[in-house]
Amino acid sequence: MPLARSLSVTSLSGLEDWDEEFDLEDAVLFEVAWEVANKVGGIYTVIQTKARLTAEEWGENYFLVGPYVESNVRTQVELIEPTNPILKRTIDKMNASGCKVYFGRWLIEGSPYVVLIDVAFTAWSLDRWKSELWENFSIGVPWFDREANDAVLFGFLTAWLLGEYAAQCEEPPHILAHFHEWLAGLGLMLCRRRQLPVATIFTTHATLLGRYLCAGKVDFYNNLAEFNVDKEAGDRQIYHRYCLERSAARCAHVFTTVSQITAIEAEYLLKRKPDIITPNGLNVKKFSAMHEFQNLHAKSKNRIQEFIRGHFYGHLDFNLDKCVFLFIAGRYEFSNKGADIFLEALARLNYLLRVNHSDVTVVAFFIMPARTNNFNVETLKGQAVRKQLWDTAQTVKERFGKKLYESLLVGQLPDVSKMLDKEDFTMMKRAIFSTQRQCQPPICTHNMLEDSSDPILNCIRRIGLFNCSADRVKVIFHPEFLSSTSPLLPMDYEEFVRGCHLGVFPSYYEPWGYTPAECTVMGIPSISTNLSGFGCFMEEHIADPSAYGIYILDRRFRGVDESCNQLTSFLFQFCKQSRRQRIIQRNRTERLSDLLDWRYLGRYYISARHMALAKAFPDTYMYEAQDPTSSSGFRYPRPASVPPSPSLSRHSSPHHKPHAHCVFVYLLAFW
């Protein structure tokens, strides 16, 4: 029976309605990924936030397939009996044949069905399946690569599941399977090898070889055409993984990637041009605070200020009301994430603020998990001292208030000289003496296991940003994920982001970039690059990104020193903004939220699925081919008001002229 399909795209301001219709009668969608109900990286966020939209489109015929991880299942999945009779017979048959397959609902928004496969339970088949992998694809997997071994088990079990499902169907089925990343890619290869009636999509969120090459500090984007990919993968001992990824990309009916910059990379490294770009979105409703987001910023900023008061006790010689909070967050990839260029830019910014006698103080947070053994004692002491000062002030205030109250009760004005006695002064003096400090405020909040070789700490030692009183730029390295239960900085990541003024993500390798996207939907300006998928997407969709608080750093067509100077300029101009200008800019940034919502970006995934069905089942489905790699759409015009930045907003790299539709909207705004 035909599925009841809801529209996945609502009408955004100035955005064309999307009315593509596609009959999904008797079709079923399996979305396969290692990160289904198993958080490892960014793909978990993609699948989790997209699930509601996909479930609305496919209804009861949408199933997510992932690994069974008991610790995750206990807290995230409700195990139930399969509701689909064909799938129930499939799972029963596999379980009777020596597998362990579970069915349930993933307890996230949309409550999608999940099929979870216990790969460890079938480890006894690993050698046999490795032999079959070599015979069919000439890919050998070494015994010591546990992650690749899991990929082999997961791939064969996924193909078994899809093949068994097709065999249990009474009529010829229309199965669509969407595989994410190389860990799930083997299942796709086996589907094609066994000629199963399955339409396949493979999405790479970042190429394996690309990530390794960039981490090795090579001139990646200028030498894409020159790399000997087999040799480079072999030198890094990932040749078997690379072969799995490349084979999956070439076997798929439809190959997609998350950004235009990654499409170029995939064309050279995986030897196939993507059929369509599928940008990653967010569930904007989760972050939506309507007009309250400015109040949430103020509330969260106050909590960060409390942490700063404790961290810099004894050296709190700057005005917190004139303090700008910057942050960078993500995996600890020093060069790929741009932490190297950010630190260098901070050193130059420190010089500019000092020579210009600026009264602005910048506090830069580095939220990047690293190997630690405990909190730094000096950091914990700072928060204890702050709390002690607060308790002392509260005690004196209560005693003062009681004396004032009693004086007013008898109809007399209080004698101020008698309101505070010797004991009160003694308490306050002891509190003041406790704030004396002989050392500088710490850089790192934790004790690092590899302090002498840590890239961030070594760079800080080189540039000399030691949180001295004379420095206008202070640095805090927090090598642990943020948590509301932390005794040091008790804030969740979302709350922390809302309290900051600017997110800085000058990445050299960033296929998409969820961190700047999350900043945008929370109304926090950010700095990205034209080598990140997010940065390229924003340049394509916004006439003047910097006017909306989206600063695009040029790392593709400029050298490192030029890029660092441009980043320093962005930071310096941001520090010169008044409080009113920052409020205006945050309003503009938050206005872009709808552009990053799955309601809009989900259309590209829908197009990819329709394309795959039409290729696999041409007698049943038809799809009109479009520009294969275009993700273009509405282009936000430049704001009609004066730019919030003291300097003129300029594009960081050559850009296209605005479409005629955008010019019309821009003129209409003045009218």
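What you see is a predicted model, and the numbers here were worked out from it, not measured in a lab. (Residues numbered from 1 in each chain as written. Predicted model: local features only at pLDDT ≥ 70, side-chain atom pairs only at ≥ 80, totals over all residues. Heavy atoms only, no water.)

**Here we look at the pairing of strand 6 (residues 174-180)**
Okay, so step 1: Judged by how many residues are buried, strand 6 sits mostly within the fold: 7 of 7 residues are covered.
Okay, so step 2: Residues His174, Leu176, His178 and His180 of strand 6 are buried on one face, and the alternating residues Ile175, Ala177 and Phe179, pointing to the opposite face, are buried as well.
Okay, so step 3: As defined by bridge partners, strand 6 adjoins strand 7 (residues 198-204) across 6 bridges and the pair is classed as parallel. Residue pairing in the sheet places Leu176 in a bridge with Ala199 of strand 7.
Okay, so step 4: Handedness of the crossover is the feature at issue here: the chain leaves strand 6, passes through helix 6 (residues 181-193), returns alongside strand 7, and the resulting connection is right-handed. (Buried < 20%, exposed > 50% of the residue type's maximum accessible area, 1.4 Å probe, protein only. Helix = DSSP H or I, 4+ residues; strand = E, 2+ residues; numbered from the N terminus. Pairing = 2+ DSSP bridges. Right-handed = clockwise from strand over helix to strand, strands pointing away.)

**With respect to a nonpolar patch on the surface**
Okay, so step 1: The grouping of Tyr405, Leu409 and Val410 at the surface amounts to a nonpolar patch, some 360 Å² of accessible area in total.
Okay, so step 2: Within the secondary structure layout, Leu409 lies in helix 14 (residues 377-409). (Patch = residues over 30% accessible without salt bridge, like charges linked within 9 Å, V, L, I, M, F, W, Y side chains within 5 Å. Areas by Shrake-Rupley, 256 points an atom, 1.4 Å probe, with all protein chains shown as cover. Salt bridge = Lys/Arg side-chain N within 4 Å of Asp/Glu carboxyl O.)

**Observations concerning the packing of helix 12 (residues 293-311) against helix 22 (residues 579-590)**
Okay, so step 1: Their axes nearest at 11 Å, the elements helix 12 and helix 22 cross at an angle of 120°. Taken as axis vectors, helix 12 and helix 22 run oblique relative to one another. Of the two possible hands of crossing, helix 12 and helix 22 adopt the one that is right-handed. For the pair formed by helix 12 and helix 22, the contact residues are Phe293, Gln294 and His297 on the first element and Ile583, Arg586, Asn587 and Glu590 on the second.
Okay, so step 2: Tallied by class, residues from the contact of helix 12 with helix 22 come to 2 nonpolar, 3 polar and 2 charged. (Axes fitted to C-alpha atoms, helices over the stretch in contact; angles between N-to-C directions. Parallel < 35°, antiparallel > 145°, perpendicular 65-115°, else oblique. Left-handed = near helix turned anticlockwise from the far one by under 90°. Contact = heavy atoms within 4.5 Å. Nonpolar A, V, L, I, M, F, W, Y, C, P; charged D, E, K, R; others polar.)

**Notes on helix 23 (residues 598-616)**
Okay, so step 1: The terminal C-alpha atoms of helix 23 lie 26 Å apart, and with 19 residues this matches the ideal 27 Å at 1.5 Å per residue to within 8%.
Okay, so step 2: Within helix 23, 16 of the 19 residues are buried, which leaves it mostly tucked inside the rest of the structure. (Expected span 1.5 Å × (residues − 1).)

**Some remarks on the packing of aromatic side chains**
Okay, so step 1: Applying the stated rule across the entire model yields 31 aromatic pairs.
Okay, so step 2: Seen from their ring centres, Tyr221 and Tyr508 are 5.6 Å apart, and the 70° between their planes marks the pair as edge-to-face. On the criterion of sequence distance, the pair formed by Tyr221 in the loop between helix 7 (208-215) and helix 8 (229-235) and Tyr508 in the loop between strand 15 (502-504) and helix 19 (514-521) is long-range, its members being 287 residues apart. There is no split in this pair, since Tyr221 and Tyr508 are both buried.
Okay, so step 3: Between Phe327 and Tyr493, the aromatic rings sit 6.4 Å apart at their centres with planes inclined by 75°, giving edge-to-face as the arrangement. You can see Phe327 sitting in strand 10 (residues 323-329) and its partner Tyr493 sitting in helix 18 (residues 493-499), a full 166 residues away along the chain.
Okay, so step 4: Cluster of aromatic residues (ring-pair linked, three or more members): Phe307, Phe325, Phe327, Phe365, Tyr493, Phe496 and Phe505.
Okay, so step 5: One cation-aromatic arrangement involves Lys50 over Tyr605; the distance from NZ or CZ to the ring centre is 4.8 Å. (Phe/Tyr/Trp six-rings, centres within 6.5 Å; stacked < 30°, edge-to-face > 60°. Lys NZ or Arg CZ within 6 Å of the ring centre and 35° of its normal.)

**Regarding the packing of helix 13 (residues 339-355) against helix 21 (residues 560-575)**
Okay, so step 1: Helix 21 packs onto helix 13 with a crossing angle of 50° between their chain directions and a minimal axis gap of 8 Å. In terms of axis orientation, helix 13 runs oblique to helix 21. You can see that helix 13 and helix 21 cross each other, and the crossing is right-handed. Touching Ile341, Phe342, Glu344, Ala345, Leu346, Arg348, Leu349, Leu352 and Leu353 of helix 13 are Val560, Asp561, Ser563, Cys564, Asn565, Leu567, Thr568, Leu571, Phe572 and Cys575, all from helix 21.

**Examining the confidence of the model for the chain**
It should be kept in mind that the predicted coordinates are not to be read in detail where pLDDT is low.
Okay, so step 1: Residues with a pLDDT of 70 or more make up 89% of the chain, whose mean pLDDT is 89.
Okay, so step 2: Of the regions scoring below 50 in pLDDT, residues 1-19 engages in 46 contacts with residues more than four places distant in sequence or in other chains.
Okay, so step 3: Predicted confidence for residues 646-671 stays below pLDDT 50, and this span has 36 contacts to residues more than four positions away or in other chains. (pLDDT = per-residue confidence, 0-100.)

**Some remarks on unusual backbone geometry**
Okay, so step 1: One non-glycine residue, Glu181, lies in positive phi territory at about 70°.
Okay, so step 2: With respect to the helices and strands, Glu181 occurs in helix 6.
Okay, so step 3: For Glu181, a relative accessible area of 11% corresponds to the buried category.
Okay, so step 4: If you check the backbone angles, His357 has positive phi at about 50° while not being a glycine.
Okay, so step 5: Take His357: it is sitting in the loop between helix 13 and strand 11 (361-367).

**Topic: the side chain of Ser486**
Okay, so step 1: Assignment of secondary structure puts Ser486 in the loop between strand 14 (473-478) and helix 18.
Okay, so step 2: By relative accessible area, Ser486 is classed as buried at 10%.
Okay, so step 3: A polar atom in the side chain of Ser486 sits 3.4 Å from the backbone nitrogen of Leu489. (Polar contact = N/O pair within 3.5 Å; in protein donor to acceptor, adjacent residues only side chain to side chain.)

**What about the sheet that holds strand 1 (residues 27-32)?**
Okay, so step 1: Ordered by their spatial adjacency, 9 strands build an open sheet running 3-4-5-2-1-6-7-8-9, and the pairing between neighbours is mixed. The open sheet is flanked by strand 3 (77-79) and strand 9 (276-277), the only strands paired with a single partner.
Okay, so step 2: Against the sheet, helix 23 makes contact with strand 1, strand 6, strand 7, strand 8 (254-257) and strand 9, and its axis sits at roughly 140° relative to strand 7, the strand it touches most.

**What to know about the nonpolar core**
Okay, so step 1: Counting residues in hydrophobic clusters, the biggest one holds 94 residues, and the most contacted among them are Ile308, Leu346, Phe365, Phe366, Phe496 and Leu571.
Okay, so step 2: Among the elements that make up this core, the one with the highest residue count is helix 13 (9 residues).
Okay, so step 3: Setting aside chain neighbours within four positions, we find Leu571 in contact with Leu326, Phe342, Ala345, Leu346, Leu349, Leu502, Val504 and Ile527.
Okay, so step 4: Counting 76 residues, the second largest nonpolar core, distinct from the first, contains Phe137, Ile139, Ala148 and Leu224. (Core = buried A, V, L, I, M, F, W, Y, C linked by side-chain atoms within 4.5 Å.)

**What about the state of the cysteines?**
Okay, so step 1: All told, the structure shown has 0 disulfides when counted by the stated rule.
Okay, so step 2: The closest cysteine sulfur to the non-disulfide-bonded Cys323 is located on Cys575, 9.7 Å from its own sulfur.
Okay, so step 3: Look at Cys323 and you get buried, because its relative accessible area is 4%. (Disulfide = S-S within 2.5 Å.)

**Describing the pattern of salt bridges**
Okay, so step 1: Throughout the structure, instances matching the rule amount to 40 salt bridges.
Okay, so step 2: For the salt bridge of Arg52 with Glu56, the shortest nitrogen-to-oxygen distance reads 3.0 Å. Residue Arg52 and its partner Glu56 are located together in helix 1 (residues 42-58), separated by 4 residues, close to a single helical turn.
Okay, so step 3: Taking relative accessible area as the criterion, Arg52 reaches 22% and is therefore assigned partly exposed.
Okay, so step 4: The partly exposed category is assigned to Glu56, whose relative accessible area is 34%.
Okay, so step 5: With its nearest N and O atoms 3.2 Å apart, the salt bridge here joins Lys88 to Asp92. In this pair, Lys88 and Asp92 both sit in helix 3 (residues 85-96), 4 residues apart, roughly one turn of the helix.
Okay, so step 6: Taking the relative accessible area as the measure of exposure, Lys88 reaches 31% and is therefore partly exposed.
Okay, so step 7: Several salt bridges converge on common partners, so that one network encompasses Arg399, Lys403, Asp421, Glu423 and Asp424.

**Describing the sheet that holds strand 15**
Okay, so step 1: A sheet is described by the order of its strands in space; here 6 strands give the open sequence 14-11-10-15-16-17, paired in parallel fashion. Each having just a single partner strand, strand 14 and strand 17 (550-553) make up the two edges of the open sheet. The average undirected angle you get between the axes of adjacent strands in this sheet is 25°.
Okay, so step 2: Two strands pair when backbone bridges link them, and strand 15 and strand 16 (residues 526-529) are joined in this way by 2 bridges, in the parallel orientation. Counted as the bridge partner of Gly503 is Ser526 from strand 16.
Okay, so step 3: Strands strand 10, strand 15, strand 16 and strand 17 of the sheet are contacted by helix 19, whose axis makes an angle of about 145° with strand 16.
Okay, so step 4: On the sheet, helix 21 packs against strand 10, strand 11, strand 15, strand 16 and strand 17 and is oriented at approximately 160° with respect to strand 17.

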